[in-house]
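Here's the letter readout for the chains.
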Amino acid sequence: MEVLIIILLIIMFYSYLGYPLTLFFFSLFSSHKVIKDDNYTPEVSLLIAAYNEEDTIADKIKNSLELDYPKDKMEIVIVSDGSTDRTDEIVKSFESSGIKLFRVEGRVGKTEARNQAVLAMRREIIVFSDATAVYEKDAIRKLVRNFADTSVGMVSGNLTYFEKGQSSMGLATKLYWNYEKAIKKAQSKLYTLTGAVGCINAFRRRLYHVLPPNIIEDFTEPLMIVAQNYRIVYEEEAVSYERTTQKPSQEFKMRVRVIRGGMKGFIYAFRKLNFKEHRLVLFQLFGHKVLRWLMPVFLILLFIVNLLSFIFNHNMAADFLMMAQFICYAIALVGMMWKPPGIIGKVFSIPAYFVIINAASLKALLLTLTTDLEATWETNVY
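All of these numbers come straight from a predicted model, not from anything done at the bench.

What the rule picks out here adds up to 19 salt bridges. The residue E235 makes a salt bridge to K36 at a minimum N-O spacing of 3.0 Å. Of this pair, E235 sits in strand β8 (residues 231-243) while K36 sits in the loop between α1 (2-27) and β1 (44-50), and the two are 199 residues apart along the sequence. Taking relative accessible area as the criterion, K36 reaches 40% and is therefore assigned partly exposed. The partner of D130 in a salt bridge is K110, with the nearest N and O atoms 3.1 Å apart. Highlighted residues: D130 in strand β4 (residues 125-130) and K110 in helix α4 (residues 110-120), separated in sequence by 20 residues. Accessibility expressed as a relative area gives 14% for D130, which makes it buried.

This part is about unusual backbone geometry. Leaving glycine aside, a negative phi is the common case for residues, and trans is the common case for peptide bonds. Unusually for a residue other than glycine, N52 sits at a positive phi of about 50 degrees. Its relative accessible area of 27% is what places N52 among the partly exposed residues.

Time to look at the UniProt feature "transmembrane region" (unreviewed entry) in the chain. Feature annotation in UniProt assigns "transmembrane region" (unreviewed entry) to the following positions: residues 6-29, 293-312, 318-338 and 350-369. The span residues 350-369 is 100% helical and 0% strand by assignment, and the distance between its end C-alpha atoms comes to 29 Å.

With mixed pairing, the eight strands of this open sheet are ordered in space as β3-β2-β1-β4-β7-β6-β8-β5. Of all the strands in the sheet, just β3 (99-104) and β5 (134-135) have a single pairing partner and so form its edges. One ladder, built from nine bridges, connects strand β6 (residues 152-162) with β8; its direction is parallel. Note that in β8 the partner of V155 across the bridge is V233.

Another aspect to go through is the packing of α1 against helix α10 (residues 295-312). Where α1 contacts α10, the axes come no closer than 10 Å and their chain directions differ by 150 degrees. Classified by the angle between their axes, α1 and α10 sit roughly antiparallel to one another. Crossing of α1 against α10: the hand is left-handed. Side by side, α1 and α10 meet where E2, L4, I5, L8, L9, I11, M12, S15 and Y16 of the first sit next to M295, F298, L299, L301, L302, V305, N306 and S309 of the second.

Enumeration over the complete set of coordinates arrives at 17 aromatic pairs. Ring centres of F266 and F270 lie 5.5 Å apart, and the angle between their planes is 45 degrees; this geometry places the pair in the tilted category. Of the two residues, F266 and F270 both sit in helix α8 (residues 248-272), four residues apart, roughly one turn of that helix. Each member of the aromatic cluster is reached from another via a ring pair, and the members are F219, F266, F270, F286 and W293. One residue, K60, lies across the ring of Y135, its end atom 4.0 Å from the ring centre. Positioned over the ring face of F128 is R114, at 4.0 Å from the centre of the ring.

Calculation notes
- Residues numbered from 1 in each chain as written.
- Predicted model: local features only at pLDDT ≥ 70, side-chain atom pairs only at ≥ 80, totals over all residues.
- Heavy atoms only, no water.
- Salt bridge = Lys/Arg side-chain N within 4 Å of Asp/Glu carboxyl O.
- Helix = DSSP H or I, 4+ residues; strand = E, 2+ residues; numbered from the N terminus.
- Buried < 20%, exposed > 50% of the residue type's maximum accessible area, 1.4 Å probe, protein only.
- UniProt positions renumbered as here; feature names shortened; annotations may be inferred.
- Pairing = 2+ DSSP bridges.
- Axes fitted to C-alpha atoms, helices over the stretch in contact; angles between N-to-C directions.
- Parallel < 35°, antiparallel > 145°, perpendicular 65-115°, else oblique.
- Left-handed = near helix turned anticlockwise from the far one by under 90°.
- Contact = heavy atoms within 4.5 Å.
- Phe/Tyr/Trp six-rings, centres within 6.5 Å; stacked < 30°, edge-to-face > 60°.
- Lys NZ or Arg CZ within 6 Å of the ring centre and 35° of its normal.

Written out as structure tokens, the structure is:
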């Protein structure tokens, strides 16, 4: 039992710390710099996905119109996935400002709606955005300057979360995302990312791979571009803002969808990628994604084996580990069920977030093994 506990702890340590540290170390010696050109301004289509976004779409359009990019080289297209509220009406009210509406009849899901829109686009670079994302004025300039490097096929921007009010998930979400951004920077410096931020990314239109409707594009599309021997790079200065989720239930629901989409996308991409040519990508996918998705299985095994060791074979290390697990899960439960005031509540949100992510991974894993992923979903209501 002690040997199994050690193996499980090593796997967990590698997933959360060992893999990032390995990545950071090797990235220090990488010579794969991106050749950027701030004067490079290709023709761009800003594609904004929307489904029943009447509360946010006007603000998103105004934000897009204020972007610092040559007006004669950028078109703004709202892709409406069969919206049934006032979204389309609001978009049409901006037609005099050059805003275009691309409506997909029926509800087909974001991926298929974008498929149809991209196939109708003719500009060199496509920028994907969500209706809830707020861009810095120079975001698109910062994204596209990377395409001056002919090895770059896709660029992922920098998503920054902000907290509205006293969200129980705010601090934990921001800490986790800062950790993820550090990994993205190291991956990009080493050679390529294996995913992109869904609300702010850009790619060469000719490289677009039409995905099945139930495949989430922000994880899978980058892998399809890597399969064509192009790089995915991270542009830290291309900034987009989104609000954090407000409640544990919202974060759990969102994480189940994202992780499940990643698992489905991984299965799809695994059949398409030649991993003999892309060993680094395989290393990143297993270190950064697969081990994380399997983490709840490792945590459950650790708890069971540790409990058996605690009951039948007392030793100081096993007893300490058992108590540490009980304390961590107890704090997490308090953080989810009751939000203590002030800084204590924010600290309690960290183990709560850890449990939520792993519970979401477990549910996503079970759903992936037993059911097919639907093409549509409802956005979170904040």
